[in-house]
Amino acid sequence: MLTIVTLISGSGSNLLSLLKACDNPLYPAKVLAVGSDKDATGLVHAEQYGIPTFVVEPEKFDSKHQWAEVLAANITHLKPDLIVLAGFMKILPESFTDRFSPKIINLHPSLLPSFPGAHAVRDALQSGEKVTGCSIHVVDAGVDTGPVIRSRQVDILADDDQGSLHERIKIQEQAMLVEVVRDIAEGKINLEDFDGNR
Ligand code: GAR
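Nothing here was measured: the structure is a model prediction, and the numbers come from that model.

**A short note on the packing of aromatic side chains**
Enumeration over the complete set of coordinates arrives at two aromatic pairs. Taken together, a centroid distance of 6.3 Å and an interplanar angle of 10° make the contact between W67 and F88 stacked. Pair noted here: W67 is in helix α3 (residues 64–76) and F88 is in the loop between β4 (82–85) and α4 (94–100), with a separation of 21 residues, a long-range link. The pair formed by W67 and F88 is uniform in burial state, with each residue classed as buried.

**With respect to the packing of helix α1 (residues 13–22) against helix α6 (residues 162–185)**
Two quantities define a packed helix pair, namely the angle between the axes and the distance from one axis to the other. Where α1 meets α6, the axes come as close as 9 Å, and the angle between the chain directions of the two elements is 40°. As judged from the angle between their axes, α1 and α6 are oblique. When you trace α1 past α6, the crossing you get is right-handed. In this structure, α1 uses S13, N14, S17, L18 and A21 to contact α6, whose residues at the interface are K170, E173, Q174, L177, V178 and V181. A breakdown of the residues in the contact of α1 with α6 according to their chemical character gives five nonpolar, four polar and two charged.

**Thoughts on the nonpolar core**
Within the largest apolar cluster, 41 residues are counted, with the highest numbers of intra-cluster contacts made by L82, I105 and V181. With eight residues, α6 is the single largest residue contributor to this core. Core analysis: the second largest hydrophobic core is formed by 18 residues, F54, W67, L85 and L92 among them.

**Section: the site of the ligand**
Surrounding the ligand, one finds 14 residues, the nearest of these being G12, S13, H166, K170 and E173. Between the ligand and S13 there is a distance of 2.7 Å, counted from an oxygen atom to a side-chain nitrogen or oxygen. L107 is positioned such that a nitrogen or oxygen atom in its backbone is 3.5 Å from an oxygen atom of the ligand. Using a 2 Å cut-off from the grid points, one finds that the ligand occupies the largest pocket. Only α1, β5 (104–108) and α6 provide two or more residues apiece to the shell around the ligand. Per element, the largest residue contribution to the shell around the ligand is three residues, and it comes from α6. For the shell around the ligand, the residue count by class is three nonpolar, nine polar and two charged.

**Some points on the environment of I189**
Along the polypeptide, I189 turns up in the segment after α6. What makes I189 buried here is its relative accessible area of 9%. Taking the C-alpha atoms as reference, I189 lies 12 Å from I105; in sequence the two are 84 residues apart. In contact with I189, other than residues within four places in its own chain, are I149, R150, V180, D183, I184 and F194.

**Some words on the pairing of β4**
Alternating residues of β4 divide into L82 and V84 and I83 and L85, and every residue in both groups is buried. With four bridges connecting them, strand β1 (residues 2–8) and β4 associate as parallel partners. Looking across to β4, one finds that L7 is bridged to L85. Both β4 and β5 contribute to a ladder of three bridges, which runs parallel. Residue pairing for β5: L85 is matched across the bridge by N106. In this view, the connection linking β4 to its parallel neighbour β5 by way of α4 has right-handed handedness.

The rules behind the values
Residues numbered from 1 in each chain as written. Predicted model: local features only at pLDDT ≥ 70, side-chain atom pairs only at ≥ 80, totals over all residues. Heavy atoms only, no water. Phe/Tyr/Trp six-rings, centres within 6.5 Å; stacked < 30°, edge-to-face > 60°. Helix = DSSP H or I, 4+ residues; strand = E, 2+ residues; numbered from the N terminus. Buried < 20%, exposed > 50% of the residue type's maximum accessible area, 1.4 Å probe, protein only. Axes fitted to C-alpha atoms, helices over the stretch in contact; angles between N-to-C directions. Parallel < 35°, antiparallel > 145°, perpendicular 65-115°, else oblique. Left-handed = near helix turned anticlockwise from the far one by under 90°. Contact = heavy atoms within 4.5 Å. Nonpolar A, V, L, I, M, F, W, Y, C, P; charged D, E, K, R; others polar. Core = buried A, V, L, I, M, F, W, Y, C linked by side-chain atoms within 4.5 Å. Near = heavy atom within 4 Å. Polar contact = N/O pair within 3.5 Å; in protein donor to acceptor, adjacent residues only side chain to side chain. 1 Å grid on protein atoms, 1.4 Å probe; cavity = no way out; pocket = protein on both sides within 12 Å on 5 of 7 lines; lining within 4 Å. Sits in = over half its atoms within 2 Å of the grid points. Pairing = 2+ DSSP bridges. Right-handed = clockwise from strand over helix to strand, strands pointing away.

Right, here's the structure in full:
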C-alpha cells in the first residue's frame, strides 16, 4: 500500500478524486494526512473521509526556510512513500524539495514546459493556442521544471473563459492523478527514473 501526504491550497477537487479512489479497498494507495498553507476550503474533504489535516501558514514564520522546516516536520513523522502537491500554490524552498525529491509530485494545469507558474490557465488562454492540458511532474528546485511523468491534452474552445477551461482541465487532472498514483503504487512508474536532481 503506497502511503501519501497531500498538500493543497484551494478547493481540493483533485484531493477529493484521490480520496474517492483510496476509499476503494482494491486501490493500492492510502492518504495519511492532508496539509495546507492556509485554511483551504478543500480541507473539508479530508475531514469528511476522517483523514487528519494540518495547516502551516508562512505568515507565522520569520523566513520561508523556517516555514518549510515545520511543514516538512509535519510530513516526515508520518513516513509517507509519496507527497502529492494537488493545487498547493506556495513555492517550496530547495531545502524542502531536495529532502523529498523524487518522491514528491505536482499537478499543473498546462502541458509543461509550456505555461509554468501560478497562472497557467490564463496564460494558455491568452496565448492563442488551440490546445493546452495538464501535467504531473516530479518536483525539483525550480518552479514547475521537474521531469514530466504524464500529461493529457485539453482543447481550448473558441468561447472558453478561464473558468470553463479550468473546469475541463480539472476533469482530466482528477482522472490522471488517480491513474498516476496507481501506477506508482504498482511499480509501473518508478520515480527514481524521473529524478530531476541527478
Ligand atoms: C489544479 O488545476 C492544479 O493543477 C492547480 O491548481 C488547481 C487546484 O484545483 N495547480 C497549480 O496551478 C500549481 N501551479 P483543486 O484545488 O480543485 O484540486
